[in-house]
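Structure assessment
Here is what each chain is made of, one letter per residue.
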Amino acid sequence: MALFGSSKKLADSPGHSVASKRLLPWLVAVAFFMESLDTTILNTAVPAISAALHVGPLSMKAVLASYTLSLAVFIPISGWVADRFGTRLVFATAIGLFTLGSFFCGISSNVHVLVACRILQGCGGSMMVPVGRLTLVRTFAKADLLRAMSFVSIPALIAPMLGPIAGGLIVGYLHWRVIFFLNIPIGLIGLVLVYLHLPDYREETHPLDTVGLILFGSGIALLSYVLEVFGEHTLSSREISGLLVLSLGLLAGYWLHAKTLAYPLLQLSLFKIRTFRAAVSGSFFTRLGIGGVPFLLPLLYQVGLGFSPVQSGLLIMPQALSAMAMKAVMPRLLSAMGYRWVLISNTLILGLFLVLFATIGASTPVWMIALQAFFYGAFTSLQYTSMNTLVYADTTDQQSSAASSIASTMQQMSISFGVAAAGLTTAFFVPSSGQSGAAEMVHGIHKALVALGALTLVSTVVFRSLKRGDGDAVSRQDASHQKVFHPGG
């Protein structure tokens with residue numbers, strides 16, 4: 001089977017190939033930027049939107065989790081769809097759906113409609129990021145992949161820097177609906193750039209595993225719903241237990257079903273590769289711990305400590321600044337120390353930082369909060385890029401599509417579950433959370449951060465399976481070929 005049929009067309013046209021390779025990181029960055037900006041602005045605006053829609057702040061976790069859950073359900077077919085219809089058409093369609101979903105979110109009248117529109121956004125996002133990442137993997141050699149992905153994530157990190165303060169300004173001086181309308185011009189620009197410059201890679205496809213999609217999608221959706229309603233007393237313990245057993249049964253059914261197929265929805269045989277297994281499972285448990293932090297910190301700052309949305313956004317901005325700075329030294333750091341040492345030590349540091357966030361109170365100096373955010377952003381950036389690139393260290397070119405689908409699916413599942421876990425643990429520690437005062441909210445968020453920090457510390461066990469030299473195919477070659485990659489010229 002050819003790696004990707006359209007790549008031959010690029011090879012036949014050297015000028016187009018060079019231009020596409022130079023512009024590709026910028027094109028993918030547009031999608032990453034749009035998606036990241038949407039999430040970070042929304043996190044900051046959660047208290048204001050919850051007040052406008054007359055729901056408790058913790059109830060807004062459904063708005064955040066529904067999007068990431070939608071990603072987790074539909075990402076598994078992103079690789080198959082891209083292979084079947086071409087990366088250019090799928091990427092453009094994804095941006096179009098995301099933009100349309102943003103418009104409908106902006107005109108939503110209640111939280112239930114907003115959740116439904118966020119699911120539509122997720123349908124677009126489910127194709128946008130993984131197909132963009134897949135295009136990078138197919139365009140750049142492993143020697144240049146770390147730098148390519150690091151470069152793409154730098155523009156995307158501008159969004160978390162702009163998002164919190166932009167969200168605060170919009171909520172403070174305009175209207176929360178403008179948050180979603182911002183995606184519309186960005187999406188239109190992205191559509192034009194994709195049409196003009198995105199490479200169109202295709203592969204021969206096997207029949208879509210429809211049964212697997214139904215089993216896996218319904219199992220994940222049901223499991224997320226159980227985590228969403230658990231502790232809110234909307235269902236009895238017997239009903240919750242029944243739904244939990246059913247969701248786990250559907251996922252177990254998918255696992256048994258996948259073992260009988262040559263081309264299942266998710267190629268679980270990739271987990272036999274040690275570096276892939278460690279990267280994906282380690283990423284899942286790490287993000288499960290830190291995935292709820294962007295949801296909890298704005299609540300801590302605004303509802304608990306009384307900061308304005310603008311002040312809350314300013315306190316989160318240092319995370320993005322340090323994350324961008326870390327990208328410059330990351331290739332050399334991974335080359336010198338190796339993936340195993342970096343991931344084990346860095347995961348421990350992140351867990352300790354979550355515990356450190358639990359010490360923030362009314363008497364904590366603002367400069368101390370900003371300093372903690374700065375270092376937390378740097379270590380988070382190192383963690384994410386390390387895990388994302390280790391996924392492809394020992395996979396073949398033919399496995400890149402399946403590897404991208406699994407990695408992206410597990411990533412979004414962990415973020416969705418992380419937000420649900422953050423809301424669940426906070427609600428557990430805050431009686432009548434929707435009516436609780438500032439002191440009770442601070443107390444509950446502090447305990448939730450400690451619990452999530454402990455979970456992050458435990459996830460270091462996964463990275464201990466790595467061996468010295470794992471990931472060198474990405475980090476060492478990248479360090480010795482730094483002049484090969486020149487995005488934009």
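1. Examining the overall build of the chain
Helices and strands together make up the secondary structure of the chain, namely 19 helices and 0 strands. Across the 489 residues in the chain, those meeting the buried criterion constitute 56%.

2. Focus on the packing of aromatic side chains
Scanning all chains against the criterion turns up 10 aromatic pairs. For the pair Phe374 and Phe375, a centre-to-centre distance of 5.6 Å together with 90° between the ring planes defines the contact as edge-to-face. Judged by its relative accessible area of 34%, Phe374 falls in the partly exposed class. Taken together, Phe353, Phe357, Tyr376 and Phe379 form an aromatic cluster joined through their ring pairs. The residue whose ring lies beneath Arg84 is Phe85, and the NZ or CZ to ring-centre distance is 5.8 Å.

3. Section: helix H13 (residues 293-304)
With 10 of its 12 residues buried, H13 lies for the most part within the structure. Among the residues of H13, those classed as buried are Val293, Phe295, Leu296, Leu297, Pro298, Leu299, Leu300, Tyr301, Gln302 and Gly304. Looking at the residues trailing H13, positive phi occurs at Gly306, about 80°.

4. Quick look at the state of the cysteines
Within the structure shown, the criterion is met by 0 disulfides. As a non-bridged cysteine, Cys117 has Cys105 as the owner of its nearest cysteine sulfur, 4.9 Å distant. Residue classification places Cys117 among the buried positions, given a relative accessible area of 11%.

5. What to know about the confidence of the model for the chain
Confidence in the prediction of the chain, expressed as mean pLDDT, is 76, and 81% of residues score 70 or more. Between the elements of the chain, mean pLDDT differs from a low of 38, seen in helix H1 (residues 5-12), to a high of 87, seen in helix H5 (residues 87-106). Of the regions scoring below 50 in pLDDT, residues 1-16 engages in 22 contacts with residues more than four places distant in sequence or in other chains. Contacts for the low-pLDDT stretch residues 478-489, under 50 throughout, to residues beyond four places or in other chains number 26 contacts.

Conventions used here
- All chains use their own residue numbering, which begins from 1 and follows the written sequence.
- Local features in a predicted model are, by the rule used here, given only for residues with pLDDT of at least 70; side-chain atom pairs are given and counted only at 80 or more, and totals for whole chains, interfaces and linings are based on all residues.
- Water and hydrogen atoms were dropped before computing side-chain values, which therefore reflect all heavy atoms in the structure.
- Helix and strand definitions here come from DSSP, where helices need a minimum of 4 consecutive H or I residues and strands a minimum of 2 consecutive E residues; each element is numbered from the N-terminal end.
- Relative accessible area decides the class of each residue, using a 1.4 Å probe on protein chains only: under 20% of the type maximum gives buried, over 50% gives exposed, and in between gives partly exposed.
- Two aromatic rings, drawn from Phe, Tyr or Trp (for Trp, its six-membered ring), form a pair once their centres lie within 6.5 Å of each other, and the interplanar angle then sorts them: stacked below 30 degrees, edge-to-face above 60, tilted otherwise.
- For a ring to carry a charge above it, either NZ of a lysine or CZ of an arginine must fall within 6 Å of the ring centroid while also lying within 35 degrees of the normal to the ring plane.
- Any two cysteine sulfur atoms lying within 2.5 Å of each other are counted as a disulfide.
- As a per-residue measure, pLDDT tells how confident the predictor is, with possible values from 0 to 100.
- Residue contacts are counted whenever heavy atoms from the two residues lie within 4.5 Å of one another.

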